[in-house]
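An overview of the molecular structure
Single-letter residue listing:
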Amino acid sequence: MPLETPLIRPRRLRRTPALRRMVAETHVVPSSLVLPVFVREGLSEPRPISSMPGVVQHSRDSLKRAAAEAAELGLGGVMLFGIPEHKDATGSGAIDPGGVLNLAITDVVAEVGDQLTVMSDLCLDEFTDHGHCGLLTPDGEVDNDRTLAAYAEMALAHAAAGVDMVGPSGMMDGQVAVVRQALDSVGHHQVSVLAYSAKYASAFFGPFREAVDSSLVGDRRTYQQDPANAVEGVREALLDVEQGADIVMVKPALAYLDVVRRVRDAVDVPVAAYNISGEYAMVEAAAANGWIDRESAILETLTSIRRAGADIVLTYWASEAARLLGR
């Protein structure tokens, strides 16, 4: 008896690279990628970060070179993190016009102009000697409303330095509204806000602690979100949109792709996702051991985040991915 042959053959559209490209549903392009970069006060040359192979703490000069390369590659932007030589209880270096992050903003803006969106991490954790994202009460709790006042000052400092977009990342209640109001009150209407809306208390932040020389003892579970909660992540994003966020973000990305999709379906502004340090380190470690094909894994990872609904992906692979995509 002759076998019945299939009438519908989906494999036809997978037959050649050209066909696969033509019908691809999801695309990763350099303009959708943002490169997070660390600049450390007092360095004369870049310093490698051991838990993030290929990533460095930049000097001011090497930061400018990295930003120029990012612009040449057509990336969407750079997200700047500053690491000061001295920390204190209030994170005063975050507000100091001569502080490392504010100088880095000015340096990069002067280097790339409008070719690249210059973004800044608006948070106190890199600048406080206790490592928390906000100011503390006498009994050691994070004081939400006093922290908001500090965020407003920090936003003004970043705007004065020339930043295009600030990224309030501390997960304080009301942070977007306070930052937006502070910027608008002095005429910085053009500075946009990327809200770290659904930022989870994740184990995957580990290598980032080394990258910023974190002083944290304990955890951030009283203000970052519980990994068990997805509906809460959507609620946080909706609140940020109401408060004036121009873009909302989910962080981390890979363990929260379902949240990325839910947020994308719920809001009418662009959605970003942060492919964080631990996610980066896992791929790099597996590739170093010969267990996976590194370049394919990078592109597959970024495609998965875009497929989940992220319009913008912050990733330490941004520059390398742009070169791979250009082959």
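What counts, and where the lines are drawn
Positions within a chain are numbered from 1, following the residues in the order the chain's sequence is written. pLDDT decides what is reported in this predicted model: residues at 70 or higher carry local features, side-chain atom pairs at 80 or more are listed and counted, and totals for whole chains, interfaces and linings draw on all residues regardless. Side-chain figures throughout are based on the complete set of non-hydrogen atoms in the structure, without hydrogens or water. Patch membership is restricted to residues that have no salt bridge and whose relative accessible area is over 30%. Joining uses 9 Å for like charges and 5 Å for the nonpolar side chains Val, Leu, Ile, Met, Phe, Trp and Tyr. Using a 1.4 Å probe, accessible areas were evaluated by the Shrake-Rupley method; residue-level cover was limited to the displayed protein chains. Should a side-chain nitrogen of Lys or Arg be within 4 Å of a carboxyl oxygen of Asp or Glu, the pair is scored as a salt bridge. Note that His is not counted, nor are the chain ends; the positive residues are Lys and Arg, and the negative ones are Asp and Glu. Where a charge lies is defined by one atom per residue type: Lys uses NZ, Arg uses CZ, Asp uses CG and Glu uses CD. By definition, any uninterrupted DSSP run of H or I lasting at least four residues is a helix, any uninterrupted run of E lasting at least two residues is a strand, and each is numbered from the N terminus. We call two residues contacting when some pair of their heavy atoms lies within 4.5 Å. Between rings of Phe, Tyr and Trp, where Trp is taken as its six-membered ring, a pair exists when centres lie within 6.5 Å; planes separated by under 30 degrees are stacked, by over 60 edge-to-face, and by other angles tilted. Accessibility here uses a 1.4 Å probe with only protein chains present; expressed as a share of the type maximum, an area under 20% marks a residue as buried, one over 50% as exposed, and anything in between as partly exposed. Any pair of N or O atoms that falls within 3.5 Å is considered a polar contact. Within protein, one atom must be able to donate a hydrogen and the other to accept it, and sequence-neighbouring residues count only if both atoms are side-chain atoms. With axes taken as lines fitted to C-alpha atoms, and helix axes fitted only over the stretch in contact, angles between N-to-C directions fall between 0 and 180 degrees. For classification, angles of less than 35 degrees are called roughly parallel, those exceeding 145 degrees roughly antiparallel, those between 65 and 115 degrees roughly perpendicular, and all remaining angles oblique. For a crossing to be left-handed, the near helix must be turned anticlockwise from the far one by less than a right angle; the clockwise case is right-handed.

**Topic: a positive patch on the surface**
- A surface patch of like charges, here positive, comprises Arg9, Arg11, Arg12 and Arg14.
- For arginine 11, the position within the fold is in the segment before α1 (17-23).

**Some points on the environment of proline 97**
- Looking at where proline 97 falls in the secondary structure, it is placed in the loop between β4 (77-83) and α3 (100-112).
- In this structure, the C-alpha to C-alpha distance between proline 97 and alanine 161, residues 64 residues apart in sequence, is 7.5 Å.
- Apart from residues no more than four positions distant in its own chain, proline 97 is found in contact with Asn102 and Leu103.

**Quick notes on the environment of alanine 157**
- Residue position: alanine 157 is located in helix α4 (residues 144-161).
- It is 9.8 Å that separates the C-alpha atoms of alanine 157 and glycine 98, two residues lying 59 residues apart in sequence.
- Aside from chain neighbours lying at most four places away, what touches alanine 157 is Ala94, Ile95 and Asn102.

**Looking at the packing of aromatic side chains**
- Applying the stated rule across the entire model yields six aromatic pairs.
- Between phenylalanine 38 and tyrosine 316 the ring centres are 6.0 Å apart and the planes differ by 20°, which places this aromatic pair in the stacked class. Here phenylalanine 38, found in strand β1 (residues 33-40), pairs with tyrosine 316, found in the loop between β10 (312-315) and α11 (318-325); they are 278 residues apart in sequence, far enough to count as distant.
- Judged by relative accessible area, which is 0%, phenylalanine 38 ranks as buried.

**As for the side chain of asparagine 102**
- For asparagine 102, the location among the structural elements is in helix α3.
- Owing to a relative accessible area of 2%, asparagine 102 belongs among the buried residues under this scheme.
- For asparagine 102, the side chain forms a polar contact with the main-chain oxygen of aspartate 96, separated by 2.7 Å.
- Excluding its chain neighbours within four sequence positions, the residues that come into contact with asparagine 102 are Gly93, Ala94, Ile95, Asp96, Pro97, Ala157, His158 and Ala161.

**Looking at the side chain of histidine 188**
- Positionally, histidine 188 belongs in the loop between α5 (175-185) and β7 (192-199).
- The exposure class assigned to histidine 188 is buried, which follows from its relative accessible area of 18%.
- Other than its neighbours up to four places away in sequence, histidine 188 contacts Ala159, Ala160, Arg180 and Leu183.

**Thoughts on the packing of α4 against α5**
- Direction vectors running N to C along α4 and α5 enclose 45°, while the axes themselves pass 9 Å from each other. It follows from the interaxial angle that α4 and α5 lie oblique. In this structure, α4 crosses over α5, and the sense of that crossing is right-handed. Taken together, the residues of α5 that come into contact with α4 (itself represented by Leu148, Tyr151, Ala152, Ala155, Leu156 and Ala159) are Gln175, Val178, Val179, Ala182 and Leu183.

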